[in-house]
Amino acid sequence: MAVKDVAKGAAMLPLDQILDGDCIERMNALPAASVDLIFADPPYNLQLRGDLHRPDNSKVDAVDDAWDQFDSFKVYDQFTRAWLAAARRLLKPNGAIWVIGSYHNIFRVGAALQDQGFWLLNDVVWRKSNPMPNFRGKRLTNAHETMIWASKSEGAKYTFNYEALKELNEGVQMRSDWVLPICSGHERLKDDKGDKAHPTQKPESLLHRVLVGTTNPGDVVLDPFFGTGTTGAVAKLLGRHYIGIEREESYRKVAAKRLGQVRPLDGASLETTLSKRALPRVAFGSLVERGLLRPGEVLINARGQAAKLRVDGSLVSAEHRGSIHQVGAALEGAPSCNGWTYWQFKRDGKLIPIDILRQQIRAEMHD
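Remember, predicted model here, so these are calculated numbers, not experimental data.

K.L.:
A description of the overall build of the chain should follow, citing residues and the corresponding values.
P.N.:
When helices and strands are counted, the chain shows 13 helices and 14 strands. For the chain, the residues scored as buried account for 43% of the 367 residues in total. Contacts in the chain between residues far apart in sequence, at least 24 positions, make up 68% of those at least 6 positions apart. Per element, the accessible surface of the chain, about 20,100 Å² overall, is 50% carbon and sulfur.

Next up, the structure:
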């Protein structure tokens, strides 16, 4: 697609709007290859039979709405294939999709995703820290839902903010099992009668993790089953654009009111930790050129071994000469060495890692 076509498509998008009507028809009317991410919470086809009651005989507000009812698995599969085809057409070449479901539907959706040409990246188990118990006592408590994350095609350069998710997880690599509470308390939206506005409202914490990890500020996120607007609310807060599609008027009204109360975060708050590969490259010699380190100055490693800095940014020790990486590797008898973390310089009697100076230059470049 030509650059002009891409720009035209972006201009035609109904950004930050809730569209009414059938999701398949609405998606097919939008310009192709125009969306960065799709988050889909489709009907689960729960196949409920009769009312469900608690031990005290009070009725459970279960999902028995018409939108979750299909005549057969065949009909549900046809619906799934149709909306996935419309979704894939909308995604940019490096776009991705998240689909959430329960054991009732997620395996059928997963097969349909692969049949459509999507490339599965992860399945993520959302383990609910406060699940609803199994009141009849005939099955295990259903304490999780499954999300499938897939790129548009094999080899696509999808967005993955690895370092940001690692920071969210206290510096540890994010795993594929997420322990988060279900939507309850003040977050649970109510209608005019005081009842739940939507039976399957998702918690904002879930969408926060998805959008921080797999989108960037300014990206376009589409939710074809918008409901009460959790995806849109989190997208707006995080500086992403949203497009919601929802056929139920009652849900659209609740979502519109909710979105009107969201205030986007400022630009500085939206910044996330970048991977080291994404950071701008700083040549060690630039530290010498700028006078942050001076020729003749001595660098010292953790064992007290020294090397003198030369005018071109190279080092010379008693037996070795070369770059900060080469001399470090030679002293350690190792095939390689990260000189930035290996060497230190002395200021006011204290040893300081040379990487501090690289971070200083990067901060200036960012400003």
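Once the structure has been displayed, the description carries forward.
K.L.:
Go over the pairing of strand S14 (residues 350-353) with me, naming the residues and quoting the values.
P.N.:
Bridging between strand S13 (residues 344-347) and S14 involves four bridges; their strand directions are antiparallel. Across the sheet, residue Arg347 finds its bridge partner in S14, namely Lys350. Two successive antiparallel strands, S13 and S14, enclose a turn made up of two residues, where Asp348 displays a positive phi of approximately 50°.

K.L.:
Let's hear about helix H4 (residues 106-116): which residues, and what values?
P.N.:
Buried residues of H4: Ile106, Val109, Gly110, Ala112 and Leu113, and no others. Projected onto a plane normal to the axis of H4, the buried residues spread over an arc of 165° and lie on a single side. Exposed and oriented more than 90 degrees from the buried face of H4 are Phe107, Gln114 and Asp115. On the buried face of H4, the contacting elements are helix H3 (73-90), strand S3 (91-101), strand S4 (119-128) and strand S5 (144-151). After H4 finishes, the residue Gly117 shows a positive phi value of roughly 105°.

K.L.:
Explain the nonpolar core residue by residue, including any values.
P.N.:
Membership of the largest hydrophobic core comes to 32 residues, with the highest contact counts inside it found for Trp98, Met147, Trp178, Leu206, Val210 and Leu211. At five residues, the largest contribution of residues to this core is made by helix H6 (residues 204-214).

K.L.:
How would you sum up the pattern of salt bridges? Please name residues and give values.
P.N.:
On inspection of all chains with the given rule, the structure shows 13 salt bridges. Its salt-bridge partner being Glu332, residue Arg303 comes within 2.8 Å of it at the nearest N-O pair. Here Arg303, found in the loop between strand S9 (298-300) and strand S10 (306-309), pairs with Glu332, found in helix H11 (residues 324-332); they are 29 residues apart in sequence, far enough to count as distant. Taking relative accessible area as the criterion, Arg303 reaches 53% and is therefore assigned exposed.

K.L.:
Could you give an account of the environment of Met147, naming the residues involved and the relevant values?
P.N.:
Checked against the element boundaries, Met147 lands in strand S5. When the C-alpha atoms of Met147 and Ser176 are compared, they prove to be 9.6 Å apart, with 29 residues separating the residues in sequence. Beyond its immediate sequence surroundings of up to four residues, Met147 is in contact with Phe39, Trp98, Val99, Ile100, Asn122, Asp123, Val124, Trp178, Leu206 and Val210.

K.L.:
Now, about the sheet that holds S3: what can you tell me, with residues and values included?
P.N.:
Across the sheet, eight strands lie side by side as S1-S8-S7-S2-S3-S5-S4-S6; this open sheet has mixed pairing. Lying at the two open borders of the sheet, with one neighbouring strand each, are strand S1 (17-19) and strand S6 (177-180). The average angle at which neighbouring strand axes cross in this sheet is 20°, direction not considered. In terms of strand pairing, S3 meets S5 through six bridges, oriented antiparallel. Its bridge partner being in S5, Trp98 is matched across the sheet by Trp149. Taken strand by strand, H4 contacts S3, S4 and S5, and its axis lies near 165° from that of S3.

K.L.:
Tell me about unusual backbone geometry, and name the residues and values.
P.N.:
The phi dihedral of Asp16 falls on the positive side, at around 55°, and the residue is not glycine. Turning to its location among the elements, Asp16 is positioned in the loop between helix H1 (3-12) and S1. Judged by relative accessible area, which is 35%, Asp16 ranks as partly exposed. Residue Glu170 is not a glycine yet carries a positive backbone phi of 60°. Along the chain, Glu170 turns up in the loop between helix H5 (162-168) and S6. On the accessibility criterion, Glu170 (77% relative accessible area) is exposed.

K.L.:
Please give an account of the packing of aromatic side chains that cites residues and values.
P.N.:
All chains considered together, the criterion is met by 11 aromatic pairs. Between Phe226 and Tyr242, the ring centres sit 6.0 Å apart and the planes meet at 15°, which makes this aromatic pair stacked. Of this pair, Phe226 sits in the loop between strand S7 (220-223) and helix H7 (230-237) while Tyr242 sits in strand S8 (residues 241-245); the two residues are 16 residues apart in sequence, bridging distant segments of the chain. Overall, Phe226 belongs to the buried group, its relative accessible area being 3%. Look at Tyr242 and you get buried, because its relative accessible area is 7%. Between Phe284 and Trp340, the ring centres sit 5.8 Å apart and the planes meet at 75°, which makes this aromatic pair edge-to-face.

K.L.:
Talk me through the confidence of the model for the chain; I want residue IDs and the actual numbers.
P.N.:
Mean pLDDT over the chain: 88, with 89% of residues reaching 70 or higher. Every residue in residues 1-7 scores below 50 in pLDDT, and together they form three contacts with partners more than four places removed in sequence or on other chains. Of the regions scoring below 50 in pLDDT, residues 49-55 engages in 16 contacts with residues more than four places distant in sequence or in other chains.

Conventions used here
Residues numbered from 1 in each chain as written. Predicted model: local features only at pLDDT ≥ 70, side-chain atom pairs only at ≥ 80, totals over all residues. Heavy atoms only, no water. Helix = DSSP H or I, 4+ residues; strand = E, 2+ residues; numbered from the N terminus. Buried < 20%, exposed > 50% of the residue type's maximum accessible area, 1.4 Å probe, protein only. Contact = heavy atoms within 4.5 Å. Areas by Shrake-Rupley, 256 points an atom, 1.4 Å probe, with all protein chains shown as cover. Pairing = 2+ DSSP bridges. Arc of directions from axis to C-beta. Core = buried A, V, L, I, M, F, W, Y, C linked by side-chain atoms within 4.5 Å. Salt bridge = Lys/Arg side-chain N within 4 Å of Asp/Glu carboxyl O. Axes fitted to C-alpha atoms, helices over the stretch in contact; angles between N-to-C directions. Phe/Tyr/Trp six-rings, centres within 6.5 Å; stacked < 30°, edge-to-face > 60°. pLDDT = per-residue confidence, 0-100.

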